[in-house]
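These are the residues of each chain, in order.
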Amino acid sequence: MALVDSSLATKGIDSFAKINILKRHFYSFASHLTCKKIINFAKTEINLLRKRDYLNSYPYILKIEPSNICNMRCCYCYDDRRQPFDNERPYGRMSFEQFKSLIDEVGAYLFKINLYGFGEPWLFPETFQMIRYATDNNIGVAVSSNMNLKKENLHRDILDSGVEVLIVSIHGMSQETYSRFMKGGELNIALENVKNVIRERKARNSSLPFIDWQYCVTGFNEHEITDAKEMAKQIGIDQVRFIKPFFPDHAPDEWLSSMFPRRTAEDDEANNRGCSWPYRSAYINWDGGVLPCCRDFRLVANDFGNVFRESFGSIWNNGHYRSSRRLIGAPGKNTCHTMCARCPVTRRT
């Protein structure tokens, strides 16, 4: 298992893009180093190597969802934005004070926060406050956005926040292909917002945020890949990634590309290289629900605890986490009833 795991980022990308992701991880590490973070990092990696279930370390990367509310209805995303059932997580947003309380507890150990989940982060003003607070506490922040918002000063607010990485989701180079995937969106709005961010970055003589264009490849947009590469070069985007979408098994053939054909059980087995999430990171929903990763996020029963009702430290070494780590360390030899027991990765860890 790699020392810095690119599996903490999106799957289905080529080797060059993986190298760039690792470079960004190392940039965050180098930019936000402290003695406390170095010691915690070393403890984390030793704990992972020895497959300990009780940790004397904290995660050094967190994924925090500021909101699961979105302005668009992308196909196959969040079950087409249907209303949640009684046992599922409702729609909502994290307050700045809630975010602050979490950072005040664990921020001293963090190199980076991925501040996004299953909603659009720029919809609400507290997202900018959250980034600024994390940045002021020596933590790098990445945000993923569809950039499909009509906000006059959005580009200035983004630069003022101090965000280090801006991941932009644009899946198509014509309005026809773009809107087929990203329902309710306008391609020109998204592209103009990205251009404005790049112009503002240049005007401030800044190299940040790093602009990472995420392009999910489908059967009906893969013919526009060359146009996307040219557009990225033309407007000054730092990286464009052509990635594998997370479509369900029943998705029609036209949604699958020649780059990423329909997956098989053999493909899943080949891609399962172990799991480091319960050691290096955690996923925190907008309502404070803590998950080991973002695989099964809707069922509240999957939560390992809630950071707005108890400390993160008490959750990090509770029974759910310890049994999940034992499962990873010795698959098939441990009784575990968390969501990790249903994960195919534990068969190969």
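It should be emphasised that the depicted structure is a prediction, and the values quoted were computed from it without experimental measurement.

So, how was this worked out
- Residues numbered from 1 in each chain as written.
- Predicted model: local features only at pLDDT ≥ 70, side-chain atom pairs only at ≥ 80, totals over all residues.
- Heavy atoms only, no water.
- Helix = DSSP H or I, 4+ residues; strand = E, 2+ residues; numbered from the N terminus.
- Contact = heavy atoms within 4.5 Å.
- Phe/Tyr/Trp six-rings, centres within 6.5 Å; stacked < 30°, edge-to-face > 60°.
- Buried < 20%, exposed > 50% of the residue type's maximum accessible area, 1.4 Å probe, protein only.
- Lys NZ or Arg CZ within 6 Å of the ring centre and 35° of its normal.

### Digging into the environment of leucine 123
Within the fold, leucine 123 resides in the loop between strand 3 (112-114) and helix 5 (126-136). Along the sequence, leucine 123 and proline 66 sit 57 residues apart, while their C-alpha atoms lie 10.0 Å from each other. Not counting residues up to four positions away in its chain, the partners in contact with leucine 123 are Ile69, Cys70, Asn71, Leu149 and Lys151.

### Details of the packing of aromatic side chains
For the coordinates displayed, the defined rule picks out 26 aromatic pairs. Geometrically, the ring pair formed by phenylalanine 41 and phenylalanine 111 is edge-to-face, given 6.4 Å between the ring centres and 90° between the ring planes. Of this pair, phenylalanine 41 sits in helix 2 (residues 35-49) while phenylalanine 111 sits in the loop between helix 4 (96-106) and strand 3; the two residues are 70 residues apart in sequence, bridging distant segments of the chain. Measuring from ring centre to ring centre gives 4.8 Å for tryptophan 122 and phenylalanine 128, while their planes differ by 10°; the resulting arrangement is stacked. Overall, the relative accessible area of 0% leaves tryptophan 122 in the buried class. Classification of phenylalanine 128 as buried rests on a relative accessible area of 13%. Among the aromatic residues, those joined into a cluster by ring pairs are Tyr58, Tyr109, Phe304, Phe312, Trp316 and Tyr321. The ring of phenylalanine 85 has arginine 82 lying over it, and the distance from NZ or CZ to the ring centre is 4.2 Å.

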